[in-house]
Amino acid sequence: MTFDLSILAQYWPLFVKGTWLTIRICLAATIIGYVIGIVLALLSQIPSRAIKAAIEIYLLTLRAIPFIILLFVVYYGLPFSGIRIPAVITGTIALSLYASAYYAEIVRAAIEALPRGQYESARVIGMSALQAMRHVIFPQIVPTLVPPSTNITLTMIKESAVLSSITVAELTYQSLVVQGNTFAPFEAFAAVTLIYWAITAIVAHAASLLERRFGRARSEHLVGSALAASFLSLEAMPKRSRR
Amino acid sequence: MSATALSVSGLTKRFKGSAVLDDVYLDVARGEVVAMIGPSGCGKSTFLRCITLIEQPEAGFISVAGKPFGREVVGGTVHRQPRRAVDAMRPKIGMVFQALNLWPHMTALENVVRPQVVVLKRSRDEATARAQKLLADLDLADRGDRLPHALSGGQKQRVAIARALAMDPEIMLFDEPTSALDPELIGGVLALLKDLAAGGMTMIVVTHEIGFAANVADRVVFMHGGRIAEEGPPGRVLKQPGDPRLQAFLSLIRPAAAEAV
């Protein structure tokens, strides 16, 4: 058996189309999922048992079921209740919901890890709950959100492959089309492997750049001077450790 | 203008059934300095947390400069005020927490500027001018651009005081202002509180510094078991305590008290 490159030469437009759709779906699901996650995290701060219980049920449910089942429930459930929308939208919604549960947990944990006095001092001076979140709480937690959120986002990108099972023509779906046409599964899936690897590597790298930027800001705030911070940051480390 | 800066009546707070504050009445006149003393767990801190509505009291009325805060009586029935009305009143009560709770991601100056801009809707220029004046008055003119982590304990405390003063409060509350400080800094903070008092600021100071209570306060309030057990001018309350529990409390901290009185 030989690796048949001509398959890739012939079918590359499908891979490009699939990649582009995967990227758009994941970008949308990250944004929508994060917005829902932040809203849930904020709602969970309201001292109401009913709200807390509702959020808890939402989070537990979404984290307890396999993504493919969630996808099928949304895909077959929406038409059942009279809503007909394209599979790609259905898939993006399911992926957003899936990610939102994990993002919500991350944001909630970060809010609750801050000393309570930070929030109290903002409220006592007259800020509303939302103003306190915006001016006092969120600026402090954003740096700590990056690493765990990156993990969730990478998991979500990989789970987006499942959308192929409801005929969304994303990357995995296209690779199935190619291998169906050519009977060359290894070539098709090897190409897809490389593309997923590239997407996740880019996301992970972008996240580490972001984290480094926040990390520097944070060490500055710990030591109180930009000069001292530059010694703590990667810039000042010996060249060989910088890869 | 009301002559009463703060009026508290029937304030009651329970945690899990037991009363931490039990029907507390306190009126503080404009310009008056009240020192609140008492053993730990007597309800002093809870009192401050309740009159700022950080904790919601189960019963009681609070008013600041004659205006109801938290609960009000409308047409013969008691109503909780809407959140907006409560938030609008809050700047009138300046609270300096024991832990200070400065916002570590903002410079000292920004800690004082931001709440003025967000809460009082002052322009940034106006708020900055006010903040710089306050920081200068508190000997922090050259510390405005520092983050809280780069300030000493005493400096942080003065920033926290400036942050509250910038809101033009009717009354300032201090929760054990000296307990988190190194001993050599305590004198400075007490002198600053004395200056504020001399400037006519109304204050309630929860403190263990009997010396401060004796020298600066107009009135000493002794709390015990969630109630005000004894109150009066420091000369009488600290020198001739009537309540046996106050006598016991004072004898426990006798060295400090003997020195001061």
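Residues numbered from 1 in each chain as written. Chains lettered and ligands numbered in written order. Predicted model: local features only at pLDDT ≥ 70, side-chain atom pairs only at ≥ 80, totals over all residues. Heavy atoms only, no water.

- Per an unreviewed UniProt entry, chain B carries the name Amino acid ABC transporter ATP-binding protein and comes from Jiella endophytica.
- Quoted verbatim from the Subcellular location (unreviewed entry) field of the UniProt record, the comment on chain B reads "Cell membrane". (UniProt positions renumbered as here; feature names shortened; annotations may be inferred.)

- The name an unreviewed UniProt entry gives chain A is Amino acid ABC transporter permease, with Jiella endophytica as the organism.
- What UniProt states about chain A under its Sequence similarities (unreviewed entry) heading is, verbatim, "Belongs to the binding-protein-dependent transport system permease family. HisMQ subfamily."

### Here we look at the packing of aromatic side chains
Residue and element names in this part refer to chain B.
- Taken as a whole, this structure holds 6 aromatic pairs over all chains when the rule is applied.
- Each ring, one from Phe222 and one from Phe249, has its centre 5.6 Å from the other, and the planes form 35 degrees; the classification is tilted. Placement of Phe222 in strand S11 (residues 219-224) and of Phe249 in helix H9 (residues 244-252) is noted, with a sequence separation of 27 residues between them.
- Overall, the relative accessible area of 0% leaves Phe222 in the buried class. (Phe/Tyr/Trp six-rings, centres within 6.5 Å; stacked < 30°, edge-to-face > 60°. Helix = DSSP H or I, 4+ residues; strand = E, 2+ residues; numbered from the N terminus. Buried < 20%, exposed > 50% of the residue type's maximum accessible area, 1.4 Å probe, protein only.)

### Examining helix H3 (residues 67-80) of chain A
Residue and element names in this part refer to chain A.
- Between the first and last C-alpha of H3 there are 20 Å, a value that for 14 residues agrees with the 20 Å anticipated at 1.5 Å per step.
- Of all the positions in H3, only Phe67, Leu70, Leu71, Val74 and Leu78 are classed as buried. Down the axis of H3, the buried side of the element spans an arc of 100 degrees, and every buried residue falls inside it. Exposed side chains of H3 directed beyond 90 degrees from the buried face belong to Val73, Tyr76 and Phe80.
- Considering only its buried residues, H3 is in contact with helix H2 (49-64), helix H4 (87-113) and helix H6 (129-159).
- Among the residues trailing H3, Gly82 stands out with phi positive, at a value near 85 degrees. (Expected span 1.5 Å × (residues − 1). Arc of directions from axis to C-beta. Contact = heavy atoms within 4.5 Å.)

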